[in-house]
Amino acid sequence: MISMSFINPLSDEGKEMVKQEGIDLERIFDENEQIINIVNSINSKEKAVNPIIPQSYFDLVIKRVEWYIERKNDPKNVKNKFDFLFHPDITKLDVIAFYILCQAIGIKFGSTSRESRAIAELHGEIIENRLKYLQETDKLEIIDKIMNDFIIQDRIKWTQLVDLLSSKKISLQSLVLKNGEVILDREDFIENFAHVIKNQRPERMYNVFIGKKIKELIMIKMIMQNTEDYIESVHERANIIEPNPKLLKIANEVSEVLSREIRYHGSFSGPGGAKASPLNHDLFPPCIKLALEGIKSGGRNEVIVLFLTPFLSYARLNPSVFSNNNTLKVSDVDPDLKITKNEILPMIYDAADKCSPPLFDDQPQEKININAKLGFGMHDDFSIQHEGETKWYTPMSCDKVKMNMPSLCKPDEVCKRLKEINPLFYYIDRKYR
Amino acid sequence: MLEPATREERRIYYKEEWDIKQVPDFIIDSVENREFGFDHFGKGPNDRYKVFNTPGRLKSFLKSKTPYAAYCSVAYYQKPRKRDGWIKSELVFDVDAKDIPVRTCGCDNVCEICLNEAKEIVSGLIDTLNDDLGLKNFHLVYSGRGYHIRFLDEDVMDINSDVRSQVLKYIVGADVPKEEYDDGNQKYNPPHFIIPFGYPKVFTERVKYAILHLTNESKLDDVNQKLLKDVLNNRNLLQRNQWGLFKTNIGPIRYKKVINAIASLNMGLVDAKVTIDLKRILRLPSSLHSKVSMKCTEVKNIEKFDPFKDAVPEFVWERK
């Protein structure tokens, strides 16, 4: 049977595991035979190719983070060598590594840091992948158990799921709601709706309408939130006690891994690949050049916010987004946001200023919408702590440009050769081919 | 009635009839955090970024300027003068009687019939917002030509435009519910009208309302005159909730066309721009809607509220 702490290390079972095993901070960096043996055994079961064998708890913590980074950069090739992270045999060791990681980040950075968000997201992705490898019955059983724990502790309101709704992972319409609460529990469903269901068995309706996928996503979201809360509680405690230097060392190392330069492996890679690099105005497609001159008639908002902002940000930071199918955030490429603040936003603001009338004169709220389209939520301030609240919009396709802003579409020979798919392809083609 | 107010009538209204006590508490309590805007010449609210640190200052301004229209932000700011330091925004739905997509009156502006229809729509939206979304802290305001539903539940005041737009689509029934479900063992294709909970239930209610209010002149995307006629001929079945029979009589493919058309029509029940704009300014309750000579009035009891009685300024009754 799969242990609950394999998915939720913050469960009572996970906490008990840590209590029993104990974390000896002095030996975190020491070679640990138990880790080596268990990972070796998993690798041979899974027939792993080029397997990684963490040597210590420190190593195990770092491997978790490396998996997260490598997966973003190179999703196709990462699975096999990190197989041990997804095998239930790793549970006990992994729970301890999880707590070490959260404590290190909590002590050094707190819950509003980029590191904290990354660790919560990392854990969310680990859960998602672990669930993928479980047998369907095991998966359903464990999701039910964990969700029951959450529901008993507290009812889940739709307003707690704003991140999931913003990211479009779930839609409000797919939730069954009653008085603001998301109905997930069978008993709750029957209590609330059995009396209105006609000609159907309420149990069957429950199975059909309270989707497994929704439960899974909500469970992951709740565990991610609890991870951030746990990091915050560690941070608060760290203010009153002296932080352990070994945990600080781990925190620095984790931060370093998270900041490693993003490597691109796109199919557009001519020599050197389509990497993040300074923008070259001369290579922009005609529509972008026109937009940069400012819009003199209607549709200023759409052009500046929906068209120009995604194009410039992706062209500068993640040009191979479509070929790599990756899910990077702005801060993955621009960790201190300097490029965005010093290069991208000024170009967008300049184009907004060239509009007639200047866009922000009568619609200053569009600055917030620009932040939102870069993935930084609906806020005045462009700040890392809001990243992920909205989605980083990908560049608009040529079809959409033709439909929504036809006056911008003046295709030249390159557009025609590239079959007018997306303005970003034009830029990559001219820059990298 | 519904004639524009003259400059002198505006002066009389603000000097003699209006009082700061008529501005609802939910605005007075946060007056220093809100942006105010004014239209002095009937050409739109171009005097914006106004701030009043006390209700008294707002009172003096209105009494001396007697504006054509007065507005205040749905947003709360740390620095409202610059619209800077956004704190939160009310969640707002604007139902304008003039813009309701299905009106039985056919009037050019607004009339008693379409204002009543706006009221019916508002009641349905509020029920969904209460029952499904659990939002309870709201103020209903008659705007002069329709209604503003303003929610101040803390849980929703910081949600972004994307999520606000999802809430809007949920309550108006802007998407046809998905047709295929899966319980793990088999696929299941229930029509929306047999699902008595969640979004499909809301959608069914909105479709019913729309069909019962269609007229011969209604225009629906991809629905020709023959189909419209068949819908009108069969709609009495919906009054008895005989959806299955209605669908059979119309024909399943044609039924799909009808509900697709109504889903896109439903988006027009509420002005989406208002809901998703976190920095919108809305007509100030108690202020004068000079274009139609009506008071923007907070509605305490929607059942009893009659705009032609409760929102008419005294100067209108005294007109010759």
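Residues numbered from 1 in each chain as written. Chains lettered and ligands numbered in written order. Predicted model: local features only at pLDDT ≥ 70, side-chain atom pairs only at ≥ 80, totals over all residues.

## Considerations on the overall build of chain B
Next, step 1: Counting secondary structure elements, chain B contains 14 helices and 14 strands.
Next, step 2: Taken over the C-alpha atoms alone, chain B extends approximately 65 × 50 × 30 Å along its principal axes.
Next, step 3: Contacts in chain B between residues at least 24 apart in sequence constitute 67% of all its contacts with a sequence separation of at least 6. (Helix = DSSP H or I, 4+ residues; strand = E, 2+ residues; numbered from the N terminus. Contact = placed C-beta atoms within 7 Å.)

## Some details on the interface of chain A and chain B
How big an interface is tends to be reported as the loss of accessible area on association of its parts.
Next, step 1: With 33 residues of chain A at the interface, the matching set in chain B holds 32 residues.
Next, step 2: Broken down by secondary-structure element, the contributors of at least two residues to the side of chain A that touches chain B are helix 8 (162-166), strand 1 (177-178), helix 10 (202-209) and helix 19 (366-373) of chain A.
Next, step 3: Tallied by class, residues from the side of chain A that touches chain B come to 15 nonpolar, eleven polar and seven charged. (Nonpolar A, V, L, I, M, F, W, Y, C, P; charged D, E, K, R; others polar.)

## Quick look at the domain arrangement of chain B
All names here are of chain B.
Next, step 1: If you check the domain split of chain B, you get domain 1 (1-160 + 278-315) and domain 2 (182-269).
Next, step 2: Its C-alpha centre places domain 1 at a distance of 34 Å from the equivalent point of domain 2.
Next, step 3: Contacts between the two partners involve twelve residues from domain 1 and, on the opposite side, twelve residues from domain 2.
Next, step 4: If one sorts the elements of the side of domain 1 that touches domain 2 by residue count, helix 4 (residues 112-131) sits on top with four residues. (Domains from an automatic or database assignment.)

## Remarks on the sheet that holds strand 6 (residues 91-96) of chain B
Residue and element names in this part refer to chain B.
Next, step 1: Spatially, 6-8-7-14 is the arrangement adopted by the four strands of the open sheet, whose pairing is antiparallel. The open sheet has two edge strands with one neighbour each: strand 6 and strand 14 (297-299). Each adjacent strand pair in this sheet contributes to an overall mean axis angle of 25°, direction not counted.
Next, step 2: Sheet analysis places strand 7 (residues 138-142) next to strand 14, joined by three bridges and oriented antiparallel. (Pairing = 2+ DSSP bridges. Axes fitted to C-alpha atoms, helices over the stretch in contact; angles between N-to-C directions.)

## Digging into the pairing of strand 8 (residues 146-151) of chain B
Residue and element names in this part refer to chain B.
Next, step 1: Buried residues dominate strand 8, accounting for six of its six residues.
Next, step 2: Relative to strand 8, strand 6 runs antiparallel, the two being bridged by six bridges. Bridge assignment links V92 to a residue of strand 8, and that residue is R150.
Next, step 3: Hairpin connection of strand 7 to strand 8: three residues between the antiparallel strands, including G144 at a positive phi of 120°. (Buried ≥ 20, exposed ≤ 12 C-beta atoms within 10 Å, placed from the backbone.)

## What about the sheet that holds strand 2 (residues 47-50) of chain B?
Residues and elements named next belong to chain B.
Next, step 1: If you walk across this open sheet you meet the four strands as 2-1-3-11, and the pairing is antiparallel. Sheet topology places strand 2 and strand 11 (281-283) at the edges, where each strand pairs with a single neighbour. For this sheet the average axis-to-axis angle between neighbouring strands, irrespective of direction, equals 25°.

## Examining the domain arrangement of chain A
All names here are of chain A.
Next, step 1: Domain boundaries assigned for chain A yield domain 1 (4-258) and domain 2 (281-432).
Next, step 2: Contacts between domain 1 and domain 2 engage nine residues on the former and 13 residues on the latter.
Next, step 3: Class assignment for the residues of the side of domain 1 that touches domain 2 results in one nonpolar, three polar and five charged.

## Regarding the environment of K45 of chain A
Next, step 1: Structurally, K45 of chain A can be placed in helix 3 (residues 33-46).
Next, step 2: Sequence separation between K45 of chain A and F84 of chain A is 39 residues; the distance between their C-alpha atoms is 9.8 Å.

## Overview of the nonpolar core
Next, step 1: Counting 200 residues, the largest nonpolar core has I100 and L101 of chain A as the members making the most contacts within it.
Next, step 2: Leaving out residues up to four positions away in the same chain, I100 of chain A has contacts with I23, I28, Y57, V61 and I250 of chain A. (Core = buried A, V, L, I, M, F, W, Y, C linked by C-beta atoms within 7 Å.)

## A few points about unusual backbone geometry
Next, step 1: P357 of chain A follows S356 of chain A through a cis peptide bond whose omega is -5°.
Next, step 2: As for its placement among the helices and strands, P357 of chain A is situated in the loop between helix 17 (338-354) and helix 18 (359-362).
Next, step 3: Even without being a glycine, R83 of chain B presents a positive backbone phi close to 50°.
Next, step 4: Mapping R83 of chain B onto the fold places it in the loop between strand 4 (75-79) and strand 5 (84-89).
Next, step 5: Classification of R83 of chain B by C-beta neighbours within 10 Å gives partly exposed; the count is 19.
Next, step 6: Although it is not a glycine, S286 of chain B adopts a positive phi angle of roughly 95°.
Next, step 7: Summarising the element assignment, S286 of chain B is placed in the loop between strand 11 and strand 12 (288-289).
Next, step 8: The buried category is assigned to S286 of chain B, around which 21 C-beta atoms lie within 10 Å.

## Structural notes on the confidence of the model for chain A
All names here are of chain A.
Next, step 1: In the predicted model, chain A carries a mean pLDDT of 86, and the fraction of residues at 70 or more is 93%.
Next, step 2: Within chain A, strand 1 carries the highest mean pLDDT (96), whereas helix 15 (residues 321-324) carries the lowest (74).
Next, step 3: Considering only residues more than four positions removed or in separate chains, one finds that residues 261-273, a stretch of pLDDT under 50, has 29 contacts. (pLDDT = per-residue confidence, 0-100.)

## Considering the confidence of the model for chain B
Residue and element names in this part refer to chain B.
Next, step 1: Confidence in the prediction of chain B, expressed as mean pLDDT, is 94, and 99% of residues score 70 or more.
Next, step 2: The least confident element of chain B is strand 9 (residues 181-182), whose mean pLDDT is 82; the most confident is strand 7, at 98.
Next, step 3: Scoring of the predicted complex yields 0.73 for pTM and 0.93 for ipTM.

## Looking at the environment of I62 of chain A
All names here are of chain A.
Next, step 1: Looking at where I62 falls in the secondary structure, it is placed in helix 4 (residues 57-73).
Next, step 2: The class of I62 is partly exposed, set by 19 C-beta atoms lying within 10 Å.
Next, step 3: It is 7.8 Å that separates the C-alpha atoms of I62 and V257, two residues lying 195 residues apart in sequence.
Next, step 4: Once residues within four sequence positions are removed from consideration, I62 is found in contact with E253 and V257.

## Comments concerning the environment of I96 of chain A
Residue and element names in this part refer to chain A.
Next, step 1: Secondary-structure assignment places I96 in helix 5 (residues 91-108).
Next, step 2: When the 23 C-beta atoms within 10 Å are taken as the criterion, I96 is described as buried.
Next, step 3: For I96 and L283, which are 187 residues apart along the polypeptide, the C-alpha to C-alpha distance reads 51 Å.
Next, step 4: Residue contacts for I96: discarding those within four places in its chain leaves V18, E21, I23 and Y57.

## Observations regarding the packing of helix 14 (residues 300-317) of chain A against helix 19 of chain A
Residue and element names in this part refer to chain A.
Next, step 1: Packing of helix 14 against helix 19 leaves a shortest axis separation of 9 Å and a crossing angle of 25°. The angle between helix 14 and helix 19 falls in the class roughly parallel. Crossing geometry of helix 14 relative to helix 19 is assigned as right-handed. Where helix 14 abuts helix 19, its residues N301, I304, V305, L306, T309 and P310 lie against E366, N369, I370 and K373.
Next, step 2: A class-by-class count of the residues in the contact of helix 14 with helix 19 yields five nonpolar, three polar and two charged. (Parallel < 35°, antiparallel > 145°, perpendicular 65-115°, else oblique. Left-handed = near helix turned anticlockwise from the far one by under 90°.)

## So, the packing of helix 2 (residues 12-21) of chain A against helix 5 of chain A
All names here are of chain A.
Next, step 1: Where helix 2 contacts helix 5, the axes come no closer than 10 Å and their chain directions differ by 90°. By the angle between their axes, helix 2 is roughly perpendicular relative to helix 5. Contacts from G14, M17, V18 and E21 of helix 2 reach helix 5 at K92, V95, I96 and Y99.
Next, step 2: Split into classes, the residues belonging to the contact of helix 2 with helix 5 amount to five nonpolar, one polar and two charged.

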